[in-house]
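# Structural overview
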Amino acid sequence: MNHKTVVLNAAKMNFDGNLDFSVLSEDVTVYDDTDQHQLLARIQGAAVVVTKEMPVGGNLIRQFPDSVKLICEAGTGYNNLDLEAARQKGITVCNIPAYSSKRVAHTAVMMILNLSSSMQLQMKMLARGCHDNFTKNLQVSHVEVNDKVLGIIGAGNIGREVIKIAQAMDMKILAHTRTFREDADGVHYVDLPTLLRESDYVSLHCPLTPETRHLINRETLSMMKPTAFLINTSRGALVDEPALIEALKTGVIAGAGLDVQETEPPLPENPLYTMDNVILTPHMGWKGLETRKRLVSILAGNIEAYFQGMPVNVVS
């Protein structure tokens, strides 16, 4: 049986050279990066195609050779792939759920703690040689997170990890999910407007779908407290970025922690890079070494399970 596997953009995962893709199959070809014009030539004869957050539209998938039986998205989100085109071609698509839940949750909590301490402002002051926080008493806002309200939008694997840590810090938890849930384990499930109005921190943990695109927009931002912070470690397009920038500039909300952006990387002129009330990180939540090694291990398991006739983590 043909087990030829092609990894199209390995550098996205293996930027430090510490991953071993040979575990995926006895026949693996690895490319650091692949552009749209190279893709079809590189997958000729392959049975498995591996991508990481790489846009592969229907026009390309419909031209895939018949040898391709499985597309593995090396991550949790799969909005970069045209699932309907894959179905039409009879290609199975799988993803890697839960491999980075703890690390992404830690990133969200890190942002909550840093924003509560104005840490981004403190670091900027030190960078320009200003020691006022040491010599003139603390010059920036510094608040406790205990007893504050954390609103979680999307209580899946990552959302639940954030809840667990937040509850250990004595935060109060509101959650909003796509389907109704009864209150449980100290979590109060509410509608979206209620969550936005009552939360001191709003953390996004839902997939990007047509329904969730720009879930956070000018209208929903206006529902939040002027003292509240928005945290996004999920997908950039959940947030209408121009509306967020306007809200941050005009004090509609107090600040934001963004590990994901609508355009990645953000354009050089994007004001988010330099805004004092923003923590901006380069989609790093999943990039811990242990996290990436776990990703490759689960990816190998997905491929093995498929060829054993028992596919797992199937999304299409």
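Since this is a predicted model, take the numbers as computed values, not measurements.

## Description of helix α7 (residues 157-168)
The first and last C-alpha atoms of α7 sit 17 Å apart over twelve residues, in line with the 16 Å expected at 1.5 Å per residue. Listed as buried for α7 are Gly159, Glu161, Val162, Ile163 and Ala166. Positive phi shows up at Asp170, right after α7, with a value of about 65 degrees.

## Things to note about helix α10 (residues 241-250)
Buried within α10 we find Glu241, Ala243, Leu244, Ile245, Ala247 and Leu248. Looking at the buried side of α10, the elements it contacts are α9 (218-222), β10 (229-232), β11 (255-258) and β12 (278-280). Of the residues flanking the end of α10, it is Gly251, one or two places downstream, whose phi is positive at about 80 degrees.

## Concerning the pattern of salt bridges
For side chains of opposite charge, pairing can occur when their charged atoms come near one another. Scanning the model with the defined rule gives eleven salt bridges in all. For the salt bridge of Lys12 with Glu53, the shortest nitrogen-to-oxygen distance reads 3.6 Å. Placement of the pair is Lys12 in the loop between β1 (5-7) and β2 (28-30) and Glu53 in the loop between β3 (48-51) and α2 (58-61), with a sequence separation of 41 residues. Put simply, Glu161 and Lys164 hold a salt bridge, and the shortest N to O gap is 3.5 Å.

## Some details on the sheet that holds strand β4 (residues 70-73)
Read across the sheet, five strands follow the order β2-β1-β3-β4-β5 without closing on themselves; strand pairing throughout is parallel. At either end of the open sheet lies a strand with only one pairing partner, and these are β2 and β5 (92-94). Across the sheet, the axes of successive neighbouring strands diverge by a mean angle of 15 degrees, strand direction being ignored. Pairing of β4 with β5, which is carried by three bridges, proceeds in the parallel orientation. Counterpart to Cys72 in the pairing with β5 is Cys94. On the sheet, helix α11 (residues 289-307) packs against β1, β3, β4 and β5 and is oriented at approximately 160 degrees with respect to β4.

Procedures and definitions
- Residues numbered from 1 in each chain as written.
- Predicted model: local features only at pLDDT ≥ 70, side-chain atom pairs only at ≥ 80, totals over all residues.
- Heavy atoms only, no water.
- Helix = DSSP H or I, 4+ residues; strand = E, 2+ residues; numbered from the N terminus.
- Expected span 1.5 Å × (residues − 1).
- Buried < 20%, exposed > 50% of the residue type's maximum accessible area, 1.4 Å probe, protein only.
- Contact = heavy atoms within 4.5 Å.
- Salt bridge = Lys/Arg side-chain N within 4 Å of Asp/Glu carboxyl O.
- Pairing = 2+ DSSP bridges.
- Axes fitted to C-alpha atoms, helices over the stretch in contact; angles between N-to-C directions.

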